[in-house]
Amino acid sequence: MSNTILKINNLKVNYGGIEAVKGISFEVKEGEIVTLIGANGAGKSSTLRTIIGREKPSSGTIEFAGENIAGMDTTSIVKKGITLVPEGRKIFPDLTVEENLKIGAYMRKDNLSQDFERVYSLFPRLKERYWQAGGTLSGGEQQMLAVGRALMSKPKLIMMDEPSLGLAPIIVRGIFEIIEAVNKEGITVLLNEQNANMALKAADKAYVMETGRITMEGTGKELLENEQIKEAYLGKSKK
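One structure accompanies this document, and this report is about it.

Analysis parameters
- Residues numbered from 1 in each chain as written.
- Predicted model: local features only at pLDDT ≥ 70, side-chain atom pairs only at ≥ 80, totals over all residues.
- Heavy atoms only, no water.
- Helix = DSSP H or I, 4+ residues; strand = E, 2+ residues; numbered from the N terminus.
- Rg over C-alpha atoms; globule rule 2.2 N^0.38 Å.
- Buried < 20%, exposed > 50% of the residue type's maximum accessible area, 1.4 Å probe, protein only.
- Contact = heavy atoms within 4.5 Å.
- Areas by Shrake-Rupley, 256 points an atom, 1.4 Å probe, with all protein chains shown as cover.
- Salt bridge = Lys/Arg side-chain N within 4 Å of Asp/Glu carboxyl O.
- Polar contact = N/O pair within 3.5 Å; in protein donor to acceptor, adjacent residues only side chain to side chain.
- Pairing = 2+ DSSP bridges.

1. Observations concerning the overall build of the protein chain
Phase 1 of the analysis: Broken down by element type, the protein chain carries ten helices and ten strands.
Phase 2 of the analysis: Since a compact globule built from 239 residues should have a radius of gyration of about 18 Å, the 18 Å found for the protein chain is in line with a globular shape.
Phase 3 of the analysis: Looking at the protein chain residue by residue over its 239 residues, the buried ones come to 49%.
Phase 4 of the analysis: Of all intrachain contacts in the protein chain linking residues separated by at least 6 positions in sequence, the fraction that spans at least 24 positions is 65%.
Phase 5 of the analysis: On the protein chain, roughly 11,300 Å² of surface is accessible, and the fraction owed to carbon and sulfur atoms is 48%.

2. Some remarks on the pattern of salt bridges
Phase 1 of the analysis: Considering all chains together, one arrives at 14 salt bridges under this definition.
Phase 2 of the analysis: Where R129 meets E128, a salt bridge forms, and the shortest distance between an N and an O atom there is 3.1 Å.
Phase 3 of the analysis: One salt bridge connects E141 with R129, and the closest N-O pair in it is separated by 3.4 Å. Here the residue E141 occupies a position in helix α6 (residues 139-151), and R129 occupies one in the loop between α5 (124-128) and α6, the gap between them amounting to twelve residues.
Phase 4 of the analysis: For R129, a relative accessible area of 22% gives the class partly exposed.
Phase 5 of the analysis: Overlapping salt bridges bring together R125, E128, R129 and E141 as one network.

3. A look at the environment of K102
Phase 1 of the analysis: In this structure, K102 sits in helix α3 (residues 97-104).
Phase 2 of the analysis: Considering only alpha carbons, one finds K102 and M152, 50 residues apart in sequence, at a separation of 7.3 Å.

4. Section: the side chain of N100
Phase 1 of the analysis: Mapping N100 onto the fold places it in helix α3.
Phase 2 of the analysis: One polar contact links the side chain of N100 to the main-chain amide nitrogen of F92, over a distance of 2.8 Å.
Phase 3 of the analysis: Contacts of N100, omitting those with residues within four sequence positions, involve I91, F92, L95, G134, L145 and R149.

5. Concerning helix α1 (residues 44-51)
Phase 1 of the analysis: For α1, the tally of buried residues reaches six of eight residues, placing the bulk of the element in the interior.
Phase 2 of the analysis: In the stretch just after α1, G53 is the one whose phi turns positive, near 95°.

6. Some points on the pairing of strand β7 (residues 157-161)
Phase 1 of the analysis: Across the five residues that make up β7, a large majority, five, are buried.
Phase 2 of the analysis: The side-chain alternation of β7 yields two buried faces, one formed by L157, M159 and D161 and the other by I158 and M160.
Phase 3 of the analysis: Note: strand β6 (residues 82-85) against β7, four bridges, orientation parallel. Bridge pairing links I82 to L157 in β7.
Phase 4 of the analysis: Bridging between β7 and strand β8 (residues 188-192) involves five bridges; their strand directions are parallel.

Structure (structure tokens):
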């Protein structure tokens, strides 16, 4: 049985007087793809940003590999083996593909050649365009670059915030193939995704968030077949 790599317990996150995350608890096991689904404003992005240290929790614990990392700074968390592919990709448009990838490894002092090869084998399109400015890539290619940059830090857990946002359906299918390929490399994946259909098909475990709370959980398959989920998130009405 897989070990739990990430355990969230009674996590609360406030923005001023607004409680964005209201005491959620969930866990991610090594080697899994776990997804958070829910509407805009449900607290999914706030959860990921708090795990990576961009936001500070008002209470609760975030255990990574058995250590409470809640409230640590982002650099320390990345060193421990977590990375985030942010919403909107946020690549550096004026830097080349290769320069963007190097930024993902900014804390490493070892040789990067094997890691470049690993990223380029996952994303041959990036290898073809290694000299090209990131801002000239298509949306799908920029998402590949954002994932590749995250992989350069050699994470144990990669989190992705809305990886399919703003991309055409055919590109979205490719992005989910990338997510599954990254997972097959032995990396655990935690995903925040509005495209519930694709996310649940890929997920081993899924949690539904509504207004800062987890309201439902199950395997991806269980939630895909759940009538409430079909009606609320998959655009399928009850018969």
